[in-house]
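Okay, here's what each chain looks like letter by letter:
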Amino acid sequence: MAGKPSLLKAILLRDGGGVGRSPLMNRYETDKFDTQLFHSTGVAFLNNDLEMDGLFVTVQIWDTSGQDLRTQFTYCLLSVDDSQSSKNFTNWKEEFIYYADMKEPESFPFVILGNKIDISERQVSAGEAQAWCRDYSDYPYFETSAKDATNVAAAFEEGVRRVLATEDSQSDTISLHRKPKPSSSCC
Ligand code: GDP
């Protein structure tokens, strides 16, 4: 494990508000369902310490985009009760790749979270979301609920696992910089 970083930075991308970004981060950090914590405190990131395969790491998950930021992996958040959030997803992922100047986006560790699976009237089925993720470089897809805690830790930890599995994670870090906006707009 020599050479592996002990601090990993990730960002959480989403299509607009209301998909549960704040409650998900709060669930992961405090194991409570609280929609207000990150909104009301203005906190931009959370830190979570964890042990994975004998290695102690801190994962820092940023609740932001569009700032200069170094990131090693990215969580993409959509809500299964909002079909528009997954339809718009292609645009905002492309925009992220553009801002990050990624050389090999197909091998960058994206993890997709379909949140609010506790809601019975879903608009995006698990099969649709999985098929969509398979089409895009086989990104891992997790169905989560910030409300009842389903899969929240597993989803966040998959990003860590993927980064630690790479030969030299330090060299995979990419930076987001302000650039002129491409034609499509998002986030
Ligand atoms: P954000 O803008 O993406 O941070 O999302 P909000 O915090 O504004 O959440 C939007 C709404 O979705 C709120 O009413 C939350 O209570 C609700 N919500 C968030 N996550 C879940 C979830 O996993 N299940 C359910 N049923 N509601 C959720």
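Here, every reference points to the structure presented above.
A brief report on the enclosed structure follows. All residue numbers here refer to positions counted from 1 along the written sequence of the relevant chain. Only residues with pLDDT of 70 or above have their local features reported here, since the model is predicted, and side-chain atom pairs are shown and tallied only from 80 upward, although totals for entire chains, interfaces and linings are computed over all residues. Side-chain figures throughout are based on the complete set of non-hydrogen atoms in the structure, without hydrogens or water.

1. Quick notes on helix H5 (residues 126–135)
Our working definition: Here's how the labels work: a residue is buried when its accessible area is under 20% of the maximum for its type, exposed when over 50%, partly exposed in between, all with a 1.4 Å probe on protein chains only. Numbering of helices and strands runs from the N terminus; a helix is a DSSP stretch of H or I covering at least four residues, while a strand is a stretch of E covering at least two. In this context, the arc is that of the directions from the helix axis out to the C-beta atoms.
Within the span of H5, buried status applies to Ala129, Trp132 and Cys133. End-on view of H5: buried residues confined to an arc of 100°, all on one side of the axis. In this structure, H5 carries Arg134 and Asp135 as exposed residues pointing more than 90 degrees from its buried face. One or two steps after H5, the chain reaches Ser137, where phi turns positive at roughly 55°.

2. Considering the site of the ligand
Keep this limit in mind: One heavy atom suffices: a residue is near a molecule or strand as soon as one of its heavy atoms comes within 4 Å of it. Polar contact criterion, stated in full: a pair of N or O atoms within 3.5 Å, where within protein one must be able to donate a hydrogen and the other to accept it, and residues adjacent in sequence count only if both atoms are side-chain atoms. With residues, only the protein chains shown are counted as cover, and all accessible areas are computed by Shrake-Rupley using a 1.4 Å probe. Ten residue types, Ala, Val, Leu, Ile, Met, Phe, Trp, Tyr, Cys and Pro, are classed as nonpolar, four, Asp, Glu, Lys and Arg, as charged, and the remainder, Gly among them, as polar.
As a matter of local geometry, the ligand sits amid 17 residues, with Gly18, Arg21, Ser22, Asp118 and Ala146 nearest to it. Take Val19: an N or O atom from its main chain is 3.2 Å from an oxygen atom of the ligand. Backbone polar atom of Gly20 to an oxygen atom of the ligand: 3.0 Å apart, as the coordinates give it. Notes on the ligand: free accessible area 580 Å², of which the protein chains cover 77%. The leading source of residues in the shell around the ligand is helix H1 (residues 21–30), at 3 residues. Each residue belonging to the shell around the ligand can be placed in one class, and the counts come to 5 nonpolar, 8 polar and 4 charged.

3. Thoughts on the packing of aromatic side chains
Short version of the rule: Put simply, two rings from Phe, Tyr or Trp (the six-membered ring, in Trp's case) pair if the centres are within 6.5 Å, and we call them stacked under 30 degrees between planes, edge-to-face over 60, tilted for the rest.
Counted according to the given criterion, the structure contains 6 aromatic pairs. Here the aromatic rings of Tyr75 and Phe156 are separated by 4.9 Å at their centres, their planes lie at 85°, and the arrangement is edge-to-face. Taken together, the positions of Tyr75 in strand S5 (residues 73–79) and Phe156 in helix H6 (residues 152–164) put the pair 81 residues apart, joining distant regions of the chain. Residues Tyr75 and Phe156 agree in their burial class; the two are buried.

4. What to know about the sheet that holds S5
Defined as follows: By the convention used here, strands pair only if DSSP detects at least 2 bridges between them. All axes are obtained by fitting lines to C-alpha atoms, using only the stretch in contact for helices, and the reported angles, taken between N-to-C directions, cover 0 to 180 degrees. In what follows, residue pairs with any heavy atoms lying within 4.5 Å of each other are defined as contacts.
Spatial strand order, S2-S3-S1-S5-S6-S7: 6 strands in an open sheet with mixed pairing. Of all strands in the sheet, those bounded by a partner on one side alone are strand S2 (45–52) and strand S7 (141–143). When strand polarity is set aside, the average angle formed by the axes of neighbouring strands in this sheet is 25°. With 5 bridges joining them, strand S1 (residues 7–14) and strand S3 (residues 55–62) adopt parallel strand pairing. Counterpart to Ala10 in the pairing with S3 is Ile61. Packed on one face of the sheet, H1 meets S1, S2, S3, S5 and strand S6 (110–115) and runs near 40° to S2. Strands in contact with H5 are S6 and S7; relative to S7, the strand with the most contacts, it is inclined by about 160°.

5. Some words on the pairing of S6
The two faces of the sheet receive side chains in turn, since in a regular strand these alternate between them. In terms of burial, S6 is a largely internal element, 6 of the 6 residues being buried. Neither face of S6 is exposed, since Phe110, Ile112 and Gly114 on one face and Val111, Leu113 and Asn115 on the opposite face are all buried. In this structure, S5 lies alongside S6, joined through 6 bridges in parallel fashion. Bridged to Leu78 within S6 is Gly114. For S6 and S7, the ladder comprises 3 bridges, and the chain directions are parallel. Bridging across to S7, Ile112 finds its partner in Tyr141.

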